[in-house]
Amino acid sequence: MPNYEMTPEMAFTGLLIQNHPGAIAWINSDTPGSGPSGTVKFYHTIYGGILVEAQIFGLPNIDVPDASNFYAMHIHESGDCSEHFSHTGLHYNPGNTIHPNHAGDMPPLLGNQGYAFSVFYDKRFSLPDIVGKSVIIHEKPDDFTSQPAGNAGNKIGCGKIEWFV
């Protein structure tokens, strides 16, 4: 007999269908009309963590047939996306841990012909912890080894995390 109790997957799917995140980052490039754009949404869960949903358009290799690549995605300390994202600070790291154990270290995006969609669950931060910070998309994948930030290359997309109203 099947078990019809609520599973995390069922709860997470419901959150995504309702589409009422607690916070959102609108991702943009530093060159209007080109480069990455999209959203990273943050949802409260009944499990004490945050469900993160990223949908990004305009990643590199958009015009290359069958092109795919990984791009690092991190939460940075500051939500100031001005001046080519030079004021976003370091990775969000309240525990003062080494990379890749920062609370702001997130799974990489897998871009396919310029588009990436990702959903994951994280218990290392709460919404009040990250509102006012930024989500950064980097031009290369995080190597999960190099200190202090994974040798992920230039920042190509940025969005300030704000309360969703």
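What you see is a predicted model, and the numbers here were worked out from it, not measured in a lab.

Definitions and limits used
- Residues numbered from 1 in each chain as written.
- Predicted model: local features only at pLDDT ≥ 70, side-chain atom pairs only at ≥ 80, totals over all residues.
- Heavy atoms only, no water.
- Helix = DSSP H or I, 4+ residues; strand = E, 2+ residues; numbered from the N terminus.
- Rg over C-alpha atoms; globule rule 2.2 N^0.38 Å.
- Buried < 20%, exposed > 50% of the residue type's maximum accessible area, 1.4 Å probe, protein only.
- Contact = heavy atoms within 4.5 Å.
- Areas by Shrake-Rupley, 256 points an atom, 1.4 Å probe, with all protein chains shown as cover.
- Lys, Arg positive; Asp, Glu negative; His and termini not counted.
- Charge placed at Lys NZ, Arg CZ, Asp CG, Glu CD.
- Pairing = 2+ DSSP bridges.
- Disulfide = S-S within 2.5 Å.

### Brief notes about the overall build of the chain
Part 1: The number of helices and strands found in the chain is three helices and nine strands.
Part 2: Written out in order from the N terminus, the α and β elements of the chain read α-β-β-β-β-β-α-β-β-α-β-β.
Part 3: Relative to the 2.2 N^0.38 estimate, which gives 15 Å for 165 residues, the radius of gyration of the chain is 16 Å and therefore close to what a compact globule would have.
Part 4: With the C-alpha coordinates aligned to their principal axes, the bounding extent of the chain is approximately 55 × 40 × 35 Å.
Part 5: Residues counted as buried form 41% of the 165 residues belonging to the chain.
Part 6: Residue pairs in contact within the chain that sit at least 24 positions apart in sequence constitute 64% of those at least 6 positions apart.
Part 7: Carbon and sulfur atoms make up 57% of the accessible area of the chain, which totals about 8800 Å².
Part 8: Positive and negative charge centroids in the chain, built from 7 and 16 side chains respectively, lie 6 Å apart.

### Brief notes about the pairing of strand β1 (residues 23-27)
Part 1: In terms of burial, β1 is a largely internal element, four of the five residues being buried.
Part 2: For β1 and strand β2 (residues 37-44), the ladder comprises five bridges, and the chain directions are antiparallel. If you follow A25 over to β2, its bridge partner there is V40.
Part 3: In the sheet, β1 pairs with strand β9 (residues 155-163) via three bridges, with the strands oriented antiparallel. The residue of β9 that forms the bridge with A23 is W163.

### Section: the state of the cysteines
Part 1: As enumerated under the stated definition, the model contains one disulfide in all.
Part 2: The disulfide partner of C81 is C158, and the S-S distance across this bridge is 1.9 Å. The sign of the S-S torsion, about -65°, decides the handedness of the disulfide formed by C81 and C158: left-handed. Of the two residues, C81 sits in the loop between β5 (73-76) and α2 (82-85) while C158 sits in strand β9, which places them 77 residues apart along the sequence.

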